[in-house]
Amino acid sequence: MSQTYKYKVVLNATPLVMGGSLQACVAFIREALAADDGIDWWFLVSAEVDRELRRFAINISPLQGHVFSTSPARSKPARKKLLAEVESLNADAAFTFFGPAYVDFPVPHLMGVANGWITHSSRIALGTRGGIVDLVKFAMSFMYKRYWYRRADRWVVEASCARDGMVKRFFVESDSISIVSNSCADSYRANRELTRSIAEPIRLLTLSAYYKHKNLEIIPSVALELKKLLPNKKFEFRVTLEKGGQGEKKLFSLSEQLGVAEHVINIGPVPLTDGPALYAETDITFMPSILETFSAVYPEAMMSGCPIVTTDLNFAKDICGDAASYYSPLDAKAAAKAIASLVNDSGAFNALVDKGRKRVAEFPSQAAKYSAYVDAIKVMLTDGDGSK
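Since the structure is predicted, the reported quantities are computational estimates derived from the model, not experimental observations.

**Re the sheet that holds strand β7 (residues 177–179)**
- Read across the sheet, seven strands follow the order β3-β2-β1-β4-β5-β6-β7 without closing on themselves; strand pairing throughout is parallel. Both edges of this open sheet fall to β3 (65–68) and β7, since each of them pairs with a single strand only. The sheet shows a mean angle of 20° between the axes of neighbouring strands, direction not considered.
- Note that strand β6 (residues 154–157) and β7 share three bridges and pair parallel.

**Considerations on the confidence of the model for the protein**
- For the protein, mean pLDDT is 92; residues scoring 70 or higher make up 97% of the total.
- Residue range residues 384–388 is modelled with pLDDT below 50. Its contacts to residues more than four positions away, or to other chains, number nine contacts.

**What about the layout of surface pockets?**
- Taken as a whole, the second largest pocket spans an internal volume of roughly 180 Å³.
- Along the walls of the second largest pocket sit Gln23, Val26, Ala27, Arg30, Glu31, Phe56, Ala185, Asp186, Ser187, Leu272, Thr273 and Gln366, which together make up its complete lining.
- It is helix α1 (residues 20–34) that provides the largest number of residues to the lining of the second largest pocket, a total of five residues.

**What to know about the packing of aromatic side chains**
- What the rule picks out here adds up to 21 aromatic pairs.
- Geometrically, the ring pair formed by Phe28 and Trp41 is edge-to-face, given 5.3 Å between the ring centres and 90° between the ring planes. Of this pair, Phe28 sits in helix α1 while Trp41 sits in strand β2 (residues 39–46), and the two are 13 residues apart along the sequence. You'll find Phe28 and Trp41 in the same group, each marked buried.
- Each ring, one from Tyr149 and one from Phe170, has its centre 5.8 Å from the other, and the planes form 40°; the classification is tilted.

**Section: the packing of helix α8 (residues 219–229) against helix α13 (residues 332–344)**
- Between α8 and α13, the shortest axis-to-axis distance is 8 Å and the interhelical angle comes to 50°. The angle between α8 and α13 falls in the class oblique. Regarding α8 and α13, the two cross each other, and that crossing is right-handed. On α13, the residues that touch Ser221, Val222, Glu225, Leu226 and Leu229 of α8 are Ala332, Lys333, Ala335, Ala336, Lys337, Ile339 and Ala340.
- Considering only residue class, the contact of α8 with α13 consists of eight nonpolar, one polar and three charged.

**Some remarks on helix α2 (residues 47–54)**
- All buried positions along α2 are accounted for by Val49, Asp50, Glu52 and Leu53. Seen from one end, α2 has its buried residues packed into an arc of 165°, which puts them on one side.
- The inward-facing, buried residues of α2 abut β1 (7–13), α1, β2 and β3.

**Considering the sheet that holds strand β13 (residues 325–327)**
- Taking strand neighbours across the sheet as the criterion, the six strands line up as β10-β9-β8-β11-β12-β13 in an open arrangement whose pairing is parallel. Of all the strands in the sheet, the pair left with one neighbour each is β10 (264–266) and β13. Neighbour to neighbour, the strand axes of the sheet diverge by 25° on average, direction disregarded.
- For strand β8 (residues 202–206) and strand β9 (residues 235–239), the ladder comprises five bridges, and the chain directions are parallel. Its bridge partner lying in β9, Arg203 is registered against Glu236.
- With respect to the sheet, α13 is in contact with β8, β9, β11 (284–287), β12 (308–311) and β13, its orientation differing from that of β11 by roughly 165°.

**Describing empty space enclosed by the protein**
- Counted according to the given criterion, the structure contains three cavities of 30 Å³ or more.
- The calculated volume of the largest cavity comes to roughly 50 Å³.
- Considering each element in turn, the lining of the largest cavity owes the most residues, four residues, to α1.
- Looking at the lining of the largest cavity residue by residue, the classes come out as five nonpolar, five polar and one charged.

**Thoughts on the state of the cysteines**
- Taken as a whole and judged by the stated rule, the model has zero disulfides.
- Here Cys25 is not disulfide-linked; the sulfur of Cys184 is the nearest cysteine sulfur, at 17 Å.
- With no disulfide of its own, Cys306 lies closest to Cys184 among cysteine sulfurs, the gap being 12 Å.
- The exposure class of Cys306 is buried, given its relative accessible area of 4%.

The rules behind each value
- Per chain, residue numbering runs from 1 following the sequence as it is written.
- Local features are withheld for residues below a pLDDT of 70 in this predicted model, meaning they are given only at 70 or higher, and side-chain atom pairs are given and counted only at 80 or more; totals for whole chains, interfaces and linings count all residues.
- The basis for every side-chain value is the complete set of heavy atoms in the structure, and neither hydrogens nor water enter the calculation.
- Pairs of strands are assigned from DSSP output, requiring at least two bridges between the strands.
- By definition, any uninterrupted DSSP run of H or I lasting at least four residues is a helix, any uninterrupted run of E lasting at least two residues is a strand, and each is numbered from the N terminus.
- For helices, the axis comes from a line fit to the C-alpha atoms of the stretch in contact; other axes are also lines fit to C-alpha atoms, and the angle between any two N-to-C directions lies between 0 and 180 degrees.
- Per residue, pLDDT captures the predictor's confidence, and it can take any value from 0 to 100.
- Note on contacts: a residue pair qualifies if any of its non-hydrogen atoms lie within 4.5 Å across the two residues.
- Buried and open spaces are told apart on a 1 Å grid over the protein atoms alone, a cavity being a set of points where a 1.4 Å probe fits but cannot get out and a pocket being an open set with protein on both sides within 12 Å along at least five of seven lines. Residues with an atom within 4 Å of a point are the lining residues.
- Grid points are joined across faces, edges and corners, and a volume is the space filled by probe spheres set on the points.
- Here a Phe, Tyr or Trp ring, Trp counted by its six-membered ring, pairs with any other such ring whose centre lies within 6.5 Å, and the pair is stacked when the planes are under 30 degrees apart, edge-to-face when over 60, and tilted otherwise.
- Accessible area is worked out with a 1.4 Å probe on protein chains only. A residue is then buried under 20% of its type maximum, exposed over 50%, and partly exposed in between.
- Should an angle lie under 35 degrees it is considered roughly parallel, over 145 roughly antiparallel, and from 65 to 115 roughly perpendicular; all remaining angles are considered oblique.
- Less than a right angle of anticlockwise turn of the near helix away from the far helix marks a crossing as left-handed, whereas a clockwise turn marks it as right-handed.
- Three classes are used: nonpolar for Ala, Val, Leu, Ile, Met, Phe, Trp, Tyr, Cys and Pro, charged for Asp, Glu, Lys and Arg, and polar for all others, with Gly counted as polar.
- Here the arc refers to the directions that run from the helix axis out to each C-beta atom.
- To count as a disulfide, a pair of cysteine sulfur atoms needs to be within 2.5 Å.

Written out as structure tokens, the structure is:
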């Protein structure tokens, strides 16, 4: 594509407040600041994105953008401010990294969609939401968010399962949806040189904020079953939940009820800059999630040489292929058996390490991801050949 025309594009990252979306957005902004590709960026970010950027010594305000203290998802004044910002900039386009944006922009709008509940939630996932009241609330939320997702002109997702779900549930054309595969931050590449061996205490990492679809409540039950399978070994499940938050309280309550409190450790939220070091001291990555689009945890673990134990669901198998050990969703005994097999069999352990590092080499670099997003913006603005 020609890069002779300089587009002014607003990156809208105001809806992002937690989870892997922060990491993906920060990596994108770092690439955008370094790129020379005909895009003049203006960054509108949440306080949480700003906090993570500052860990990389990046301060986007006030010369390159603004920081929003409140998400547009929860504030009408924030929506008005967001709309006014875009209107005043005379931009060519807006790119909401992950939506909804909750705003009708007056310029062509590319929106990232990474909400698996909206695009491709399964019966297994929906079955964890509780009773009829919760399901009704979910249905109302689905309709509301779908309305706002559909206000964009074009969309970008991280996996084919999300695109296929959008076509069915959003009633949009497949060719209006780009796929830009996720990957891990370039800082994880140093972990490729790590050598692995199991030592006690065996450290199992579940790197996640507290979401329903992460199914973190299964961890105490898995710990109980693992005690039976590995009675003479010390191990700990390490989670990264907000200290004193609802997720920590629920998980610790379940752990105490089952008598495994000493095996479940909350190390608290981990800054993006500390991620590689955390994986370096991890033996096995445990991903009990029952709904994902493309979690960065998978490539992070593969790059770091951490074998993955995860659910036997299509989203996980599409990403990991033969580079993970799978178990039936919601089956704590099967999960514990998969973990114990890796602990007891160094050959199987090392084989997954090797397969993971081969698999992660197939994922795009951060620079390639950035270029793919830019291509999607230019396709939206042009007839596809790069000329305005």
